[in-house]
Amino acid sequence: MNKTRMRTPFASLAHYPLRKRFVIRLAGVAFYYSIKVVGSLTRFDARENEQLTALESDGTLPIYAYWHDRMFLTTYILKHRGTLFLTSRSFDGEYLARVMQRFGFGVLRGSSSSGGSEALANLTRSMLEGHAASLTVDGPRGPRYRSKIGAIILAKRTGNPVVPVIVESKKHQKMNSWDRLQIPFPFSSAIALFGEPIYVGQEADQAEIEAKHGELQDSLDALVERGRLWRESR
């Protein structure tokens, strides 16, 4: 598996007006340093690195699937692992892409909500070249905590497993956004929780795809509940 920093260039901003170019650049830098600083000050459960290593040790290329509101610390723990990230072709998606690129992610643009999308075709091609992938499966605009099917289609096409993951922080602030993005407080403790890998056969029919989609939803829901219990027990 390719764990080196991916050197993908920033996209041109020529089609944006001057003010939006400035905001994209500023937001990209501000969010990057916010995640870097807060992540470095977070006390992660010691098992986090062991779990990631175990997932990747046999050459498996995980498709990490997580909720949009957990992006902050999930980005931090998956940094510089040669992982692909799918973001939307939008104003918000542009500065998010720059954040992810600074953390060593490869960025592809598009939506994963449609099984036949160009974005999924590009993700499939890139995974076959040796990169893991990560998807916010209720992004880019929700509904919140409702998984879309793109990760399952990607698993079917590549033979790689979907790995549900939730990063739970003990203390955090929820933003007033559609996803209620969680911003952890500095020096808080956090835990990364991983579900069982979900494999999808390349000959899977529509019924099996839907069943696997339901399995992904159930796994993420269960991880959220485990995270809540962990946080309330601290």
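I will try to describe carefully the structure that is included in this document. Values in this document were obtained by computation on a predicted structure and should not be read as measured data.

The rules we used
Residues numbered from 1 in each chain as written. Predicted model: local features only at pLDDT ≥ 70, side-chain atom pairs only at ≥ 80, totals over all residues. Heavy atoms only, no water. Helix = DSSP H or I, 4+ residues; strand = E, 2+ residues; numbered from the N terminus. Rg over C-alpha atoms; globule rule 2.2 N^0.38 Å. Buried < 20%, exposed > 50% of the residue type's maximum accessible area, 1.4 Å probe, protein only. Areas by Shrake-Rupley, 256 points an atom, 1.4 Å probe, with all protein chains shown as cover. Lys, Arg positive; Asp, Glu negative; His and termini not counted. Charge placed at Lys NZ, Arg CZ, Asp CG, Glu CD. Phe/Tyr/Trp six-rings, centres within 6.5 Å; stacked < 30°, edge-to-face > 60°. Axes fitted to C-alpha atoms, helices over the stretch in contact; angles between N-to-C directions. Parallel < 35°, antiparallel > 145°, perpendicular 65-115°, else oblique. Left-handed = near helix turned anticlockwise from the far one by under 90°. Contact = heavy atoms within 4.5 Å. Nonpolar A, V, L, I, M, F, W, Y, C, P; charged D, E, K, R; others polar.

1. Observations regarding the overall build of the chain
Logical step 1: On a plain count of helices and strands, the chain comes out with seven helices and nine strands.
Logical step 2: For 234 residues, the compact-globule estimate of 2.2 N^0.38 gives 17 Å, and the chain sits close to it at 17 Å.
Logical step 3: The dimensions of the chain, computed from C-alpha atoms along their principal axes, are 50 × 45 × 35 Å.
Logical step 4: Taking all 234 residues of the chain together, 55% fall into the buried category.
Logical step 5: As displayed, the chain has an accessible area near 10900 Å², and 53% of this comes from carbon and sulfur atoms.
Logical step 6: One finds the centroid of the 33 positive side-chain charges in the chain at a distance of 11 Å from the centroid of its 23 negative side-chain charges.

2. Thoughts on the packing of aromatic side chains
Logical step 1: A complete count under the given rule lists eight aromatic pairs for this structure.
Logical step 2: Look at phenylalanine 44 and tyrosine 76: their rings are 6.0 Å apart centre to centre, the planes differ by 5°, and that puts the pair in the stacked class. Of this pair, phenylalanine 44 sits in strand β1 (residues 43–44) while tyrosine 76 sits in helix α3 (residues 71–77); the two residues are 32 residues apart in sequence, bridging distant segments of the chain.
Logical step 3: The exposure class of tyrosine 76 is buried, given its relative accessible area of 14%.
Logical step 4: Relative to tyrosine 95, the ring of phenylalanine 91 has its centre 6.0 Å away and its plane inclined at 80°; by these criteria the two rings are edge-to-face. Of this pair, phenylalanine 91 and tyrosine 95 both sit in helix α4 (residues 91–102), four residues apart, which is roughly one turn of that helix.
Logical step 5: For tyrosine 95, a relative accessible area of 19% corresponds to the buried category.
Logical step 6: Through a chain of ring-to-ring contacts, the aromatic side chains of Tyr16, Phe31, Phe91 and Tyr95 assemble into a single cluster.

3. Remarks on the packing of helix α5 (residues 118–128) against helix α6 (residues 150–158)
Logical step 1: At their nearest, the axes of α5 and α6 sit 10 Å apart, and the two run at 45° to each other. When the axis of α5 is compared with that of α6, the two are oblique. When you trace α5 past α6, the crossing you get is right-handed. Contacts from Leu120, Ala121, Leu123, Thr124, Met127 and Leu128 of α5 reach α6 at Gly150, Ile153, Leu154, Arg157 and Thr158.
Logical step 2: Residue classes in the contact of α5 with α6 are distributed as seven nonpolar, three polar and one charged.

Nothing here speaks to function; it is all geometry.
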